[in-house]
Amino acid sequence: MAVIIDGKAVADRVRSEVAMEVQQLKSRGITPGLAVIIVGDDPASRVYVDNKKKDCARVGIYSEEFALPADTDQEQLIALVTSLNNRSDINGILCQLPLPSHIDENAVISAISPAKDVDAFHPSNVGNIMIGKYSFLPCTPAGVMELIHSAGISVEGKRCVVIGRSNIVGKPMAMLLLHENGTVTICHSRTKDLKEICAEADILIAAVGRLKFVTADMVKPGAVVIDVGINRDENGKLCGDVDFYKVEKVAGYITPVPGGVGPMTRAMLLKNTLTAAKLQNALLME
Ligand code: GUN
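The text that follows walks through the structure, step by step, so that each part is easy to find. For clarity, every value in this text was computed on a predicted model and none was experimentally measured. (Residues numbered from 1 in each chain as written. Predicted model: local features only at pLDDT ≥ 70, side-chain atom pairs only at ≥ 80, totals over all residues. Heavy atoms only, no water.)

### Some points on the packing of aromatic side chains
Inspection of every chain in the model, using the stated rule, returns 1 aromatic pair. Between Phe-244 and Tyr-245, the aromatic rings sit 5.3 Å apart at their centres with planes inclined by 85°, giving edge-to-face as the arrangement. Residue classification places Phe-244 among the buried positions, given a relative accessible area of 18%. For Tyr-245, a relative accessible area of 56% gives the class exposed. (Phe/Tyr/Trp six-rings, centres within 6.5 Å; stacked < 30°, edge-to-face > 60°. Buried < 20%, exposed > 50% of the residue type's maximum accessible area, 1.4 Å probe, protein only.)

### Re the layout of surface pockets
Approximately 1300 Å³ is the volume found for the largest pocket. Looking at the lining of the largest pocket, the elements that each hand over two or more residues are helix 1 (7-27), helix 2 (43-59), strand 4 (92-95), helix 6 (139-150), strand 9 (231-232) and helix 10 (261-280). Classifying every residue of the lining of the largest pocket by side-chain character gives 22 nonpolar, 12 polar and 12 charged. Computed from the structure, the second largest pocket encloses a volume of approximately 420 Å³. Around the second largest pocket, the lining comprises 19 residues; the ones closest to its centre are Phe-121, Val-126, Asn-167, Ile-168 and Pro-172. When contributions to the lining of the second largest pocket are tallied by element, the ones reaching two or more residues are helix 4 (105-111), helix 5 (123-130) and helix 7 (170-179). (1 Å grid on protein atoms, 1.4 Å probe; cavity = no way out; pocket = protein on both sides within 12 Å on 5 of 7 lines; lining within 4 Å. Points joined across faces, edges and corners; volume = space filled by probe spheres on them. Helix = DSSP H or I, 4+ residues; strand = E, 2+ residues; numbered from the N terminus. Nonpolar A, V, L, I, M, F, W, Y, C, P; charged D, E, K, R; others polar.)

### Quick notes on the nonpolar core
In this structure, Ile-148, Leu-177 and Ile-205 are the most contacted members of the largest nonpolar core, which totals 53 residues. Of all the elements, helix 10 adds the most residues to this core, at 10 residues. In contact with Ile-205, not counting residues within four places along its chain, are Val-144, Ile-148, Val-161, Val-162, Ile-163, Met-173, Leu-177, Ile-226 and Val-228. One finds Ala-201, Ala-206, Met-218 and Val-225 within the second-largest nonpolar core, a separate group that totals 20 residues. (Core = buried A, V, L, I, M, F, W, Y, C linked by side-chain atoms within 4.5 Å. Contact = heavy atoms within 4.5 Å.)

### Some thoughts on the pattern of salt bridges
Tallied over the entire structure, the rule returns 15 salt bridges. Between Glu-21 and Lys-278 there is a salt bridge, with the nearest N and O atoms lying 2.7 Å from each other. Pair noted here: Glu-21 is in helix 1 and Lys-278 is in helix 10, with a separation of 257 residues, a long-range link. Given the relative accessible area of 14%, Lys-278 is considered buried. In the salt-bridge network here, residues are joined through shared partners; they are Arg-13, Glu-17, Glu-146 and Lys-271. (Salt bridge = Lys/Arg side-chain N within 4 Å of Asp/Glu carboxyl O.)

### Some remarks on the sheet that holds strand 3 (residues 62-68)
Read from one edge of the open sheet, 3 strands run 3-2-4, paired in parallel fashion. Sheet topology places strand 3 and strand 4 at the edges, where each strand pairs with a single neighbour. For this sheet, the mean angle separating the axes of adjacent strands, direction not counted, is 15°. Where strand 2 (residues 33-39) lies against strand 3, 7 bridges are found, and the strand directions are parallel. Within strand 3, the residue paired with Gly-33 across the bridge is Tyr-62. (Pairing = 2+ DSSP bridges. Axes fitted to C-alpha atoms, helices over the stretch in contact; angles between N-to-C directions.)

### Section: the packing of helix 6 against helix 10
Running from N to C, helix 6 and helix 10 point in directions that differ by 110°, and their axes come no closer than 8 Å. Judged on the interaxial angle alone, helix 10 and helix 6 are roughly perpendicular. As for how helix 6 packs across helix 10, the hand of that crossing is right-handed. Here helix 6 contributes Cys-139, Thr-140, Ala-142, Gly-143, Val-144, Glu-146 and Leu-147 to the contact with helix 10, which in turn contributes Val-261, Met-264, Thr-265, Met-268, Leu-269, Lys-271 and Asn-272. (Parallel < 35°, antiparallel > 145°, perpendicular 65-115°, else oblique. Left-handed = near helix turned anticlockwise from the far one by under 90°.)

Encoded structure:
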């Protein structure tokens, strides 16, 4: 039976470290601030945004929500981003994705000041990650790396397989594993022999967005299985991309859903907001 990596416990530790540093900043007159923009009324996005605001309050970060109607045009949204770029009390700007289809997400992301881009989605931050010189890492891949480290697992020399090639998870995830000297394969919907490739992985990261996509026959005995998926099963229960109860019998380590990667993504946003506040107040070197 696999060891279950407890994302809630690791996230609690990260959050309390952030809370302590926030208190130290506050004693110097600096309150980290996060602006959260939501456009339209997607119910999942609403839950994520509410959670982000709650998380900020728990660690003493100031947060401000900007809820815009679904028919907001791109220029209005970019004008808001620009005004937030210019506010000294706002250190981080997060625009919840997806945006309505009439808005070009890349144009909005590019309008965010790279120094305030706590998602690390701006092309300049993405480029910095590619060359291994970064201030921010995208929250989900950074959270996955924390989970791997917390379990005492070394990536060095391991075969790592990432299923999924999104800009938010798959691509940066592969890069972070590569930075730690993993031998990395990215699989996607057009990959041939997916099962065979996954079955060779020492570290398997599932970021597909499909319920029970990773089955026990795709997992090498003893492998580390990290489940980034957030899906609902036929009863509305939250489930990942991994067929958990079968895979846990084969894997060496596994993350549950809920209680695995999700809490870490939330915690890493707080850490990035703290980092942004420190950088903007010249308390950290870039
Ligand atoms: N939508 C789903 N995940 C994310 C995320 O990490 N950041 C933002 N801004 N939007 C998201």
